[in-house]
Number of protein chains: 2
Amino acid sequence: MRAAFHEQLDEISDLLAEMAIAAGAAMNQATQALLNADLTAAESVISSDDHIDELTSEVERRCYDAAALQQPVATDLRIVVGSLRISSSLERMGDLAVHVAKQARLRYPNPSIPNELRASFARMGALADAITAKTATVITTKDVSLGPDIERYDQEMDYLHRELFAVVLSPTWSHGVEAAIDATLLSRYYERYADHAVSIARRVMHVVTGEPYADTQLVVEGPEAAPAT
Amino acid sequence: MRAAFHEQLDEISDLLAEMAIAAGAAMNQATQALLNADLTAAESVISSDDHIDELTSEVERRCYDAAALQQPVATDLRIVVGSLRISSSLERMGDLAVHVAKQARLRYPNPSIPNELRASFARMGALADAITAKTATVITTKDVSLGPDIERYDQEMDYLHRELFAVVLSPTWSHGVEAAIDATLLSRYYERYADHAVSIARRVMHVVTGEPYADTQLVVEGPEAAPAT
C-alpha cells in the first residue's frame, strides 16, 4: 500500500511537470504571437488552456485519492498539499499566457507592442522559458539547488518590468496612452508569471526541508527583490 | 479525538474569517489612502500586512496539526485543503491592498487618481468592502447561498474595470500616460481582489458540496463573466 502511495505521488509529480511544460509552451507561443502579431499562435494558446485546466483537475483528483488511500502525515502530507498548491500556480501561469495571447489577438493585425519594446518582450519571453524549464526540473528532481537560478531569472524579470515603466513614461514615448497601457499590462503578466515560478520552487523547497513555507527563501543572502508593482 | 479535530477546524475557520476581515480593513484603508492622498493610512496598510502574513502561517501550521491528529478523508480533508487555499487567496488580497497603498504613497502628496475617476474608485472600494464582508460570512457560516451576491459584486467590479479603460483612452483624457497607467494598474488590483473573493466562495462551495472545484460555479445560469484583462 505504501509502494502504491509513492507510485501515486510520482504520477502526480509527472503531471505537475507536464503542466509546467504546457504552461511554458503556452507562454512561449504567446510571446511569438505578441512579437509577430501571429493570430494563429494566439488562438492556439487560448484554445490550449483547457488542457492545462484539465490537468489541474486531474492533479486535484489524484491528490485526494492519494490522501484517502494513505492518510499521509508529515512529509507525505506536505507533498500532497504542496502538489495542490503547485498546480494552482501552474494553472495561473497558463492563464497569464492566455492574457498575453488575448492582447495579441485584440490588436491583430497590428502589433501589440512598438518596435522599441520588442527586445524587452523578447527577453521577457526568453526568461519565462528559462524559468519554466528550471521549474519543471525542480518539480521532477526536487533539486532545490536550482532555487537561486530561478530567483535570478525572477530578479531580471522584475528589472525589465521596472525598466519598461521608464520607457513608456519617457518624453520620447510617441505611441500614446493605449500602447503604454498595453505594454504595462503585458509586462505585468510576465512579471507575475515569474513570481508564480518562484512560488513553486519555494513550495518544493518547503516540502523537501520541512521549513514553514513563509520562511522558505530561495536565496538566503542577497539584495531584497523589488516589490511587485 | 474527533471532537478535538472539529474544534481545530472551527478555530481554523475563525482564523480565516479574521484574515478576511483584516484584508477587507486593509483594502478599505488603502482606498481611503488613494482617495484622500492620506500617507498615514497608506503606511498603516503597508505595515499591517505582516499581521495577515502571520495569520497565513498560523492557518498553515494548524492545518498540518489538524491533519496529523485526525488523518482526515473526504469532507474533512477537503476542509483542511480548502482552508490552505482560502488562506492563500486572503494573503494575496492583503498584498493587493498593499499595492494600492504603495501607489498612494508613491504619488503623495499628489493624488494618485484624477478627479474624474474618484467616483469609480470609491465604488470599487465599496464593492471590495461588500465582497469581503460576504466572503467572511461565507467562511464562517458555509452559507453557499451567498455565492450569487459575491458573483454580482465581481461582475460589477469587472464592468468598472472595463469602463475605466474607456475613460483613460478617451480623447478627452488630459492627464497623460503616467496617470493612465496608474489608474489601470490600480483598477486591476481591485478587479483581482474581487476574483480572489470569488475563488474563496467557490472553494467553500466545493467543500460543502464535494463537486470538483473546477466545476463549481457560484451562479449556474446567467451571462458569462468578462475575461480578466
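Our subject is the structure listed above.
Residues numbered from 1 in each chain as written. Chains lettered and ligands numbered in written order. Predicted model: local features only at pLDDT ≥ 70, side-chain atom pairs only at ≥ 80, totals over all residues. Heavy atoms only, no water.

What follows covers the environment of A:Val80. Residue and element names in this part refer to chain A. With respect to the helices, strands and loops of the structure, Val 80 is situated in helix 3 (residues 74–107). Linking Val 80 and Ile 21, residues 59 residues apart in sequence, is a C-alpha distance of 20 Å. Beyond its immediate sequence surroundings of up to four residues, Val 80 is in contact with Phe 5, Leu 9, Cys 63, Ala 67 and Pro 72. (Helix = DSSP H or I, 4+ residues; strand = E, 2+ residues; numbered from the N terminus. Contact = heavy atoms within 4.5 Å.)

Inspection of every chain in the model, using the stated rule, returns 30 salt bridges over all chains. Across the pair A:Asp182 and A:Arg107 runs a salt bridge, and its minimum N-O distance is 2.6 Å. Of this pair, A:Asp182 sits in helix 6 (residues 176–209) while A:Arg107 is found in helix 3, placing the two residues 75 residues apart along the sequence. Of the charged contacts in the structure, one is a salt bridge between B:Glu58 and B:Arg62, with a shortest N-O distance of 2.7 Å. One end of the pair is B:Glu58 and the other is B:Arg62, both in helix 2 (residues 39–70) and four residues apart, which spans about a single turn. B:Arg62 sits in the partly exposed class, given a relative accessible area of 26%. Counted as one network, the salt bridges with shared partners bring together A:Glu11, A:Glu58, A:Arg61, A:Arg62 and A:Asp65. (Salt bridge = Lys/Arg side-chain N within 4 Å of Asp/Glu carboxyl O. Buried < 20%, exposed > 50% of the residue type's maximum accessible area, 1.4 Å probe, protein only.)

Enumeration over the complete set of coordinates arrives at zero disulfides over all chains. Here B:Cys63 is not cross-linked by a disulfide; its sulfur's nearest cysteine counterpart is in A:Cys63, at 15 Å. Residue class for B:Cys63 comes out buried when judged on its relative accessible area of 1%. (Disulfide = S-S within 2.5 Å.)

A cis geometry characterises the amide bond from A:Tyr108 onward to A:Pro109, with omega recorded as 5 degrees. Along the chain, the position of A:Pro109 falls in the loop between helix 3 and helix 4 (118–141). A positive phi angle, near 45 degrees, is found at B:Ala37, a position not held by glycine. Positionally, B:Ala37 belongs in the loop between helix 1 (2–36) and helix 2. Positive phi outside glycine occurs at B:Lys142, with the angle close to 60 degrees. A relative accessible area of 36% means that B:Lys142 is categorised as partly exposed.

With 38 residues of chain A at the interface, the matching set in chain B holds 38 residues. Roughly 3,200 Å² is buried in total at the junction of chain A and chain B, and carbon and sulfur atoms are behind 62% of that figure. Three residues stand out in chain A for area buried against chain B, namely A:Tyr64, A:Arg85 and A:Ile181, and they jointly supply 18% of the buried area on that side. Counting across the chain A and chain B interface gives four salt bridges. We note a salt bridge from B:Arg203 to A:Glu60, for which the minimum N-O separation is 3.5 Å. Linking chain A with chain B are six residue pairs in polar contact (both at pLDDT 80 or more), by the criterion used here. At the level of secondary structure, the elements contributing two or more residues to the side of chain A that touches chain B comprise helix 2 (39–70), helix 3, helix 5 (147–168) and helix 6 of chain A. No other element matches the 12 residues that helix 6 of chain A contributes to the side of chain A that touches chain B. Residues of the side of chain A that touches chain B, tallied by class, amount to 20 nonpolar, nine polar and nine charged. (Buried area = accessible area lost by both parts, 1.4 Å probe. Polar contact = N/O pair within 3.5 Å; in protein donor to acceptor, adjacent residues only side chain to side chain. Nonpolar A, V, L, I, M, F, W, Y, C, P; charged D, E, K, R; others polar.)

Of the two same-sequence chains, chain A is brought onto chain B (RMSD 0.0 Å, axial shift 0.0 Å) by a rotation of 180 degrees. On the angle and the small slide along the axis, the relation comes out as a two-fold axis. The share of interface residues of chain A whose copies in chain B are also at the interface is 100%, consistent with both copies meeting through the same surface. (Least-squares fit on C-alpha atoms with pLDDT ≥ 70 in both.)

Read these as spatial facts, not as claims about activity.
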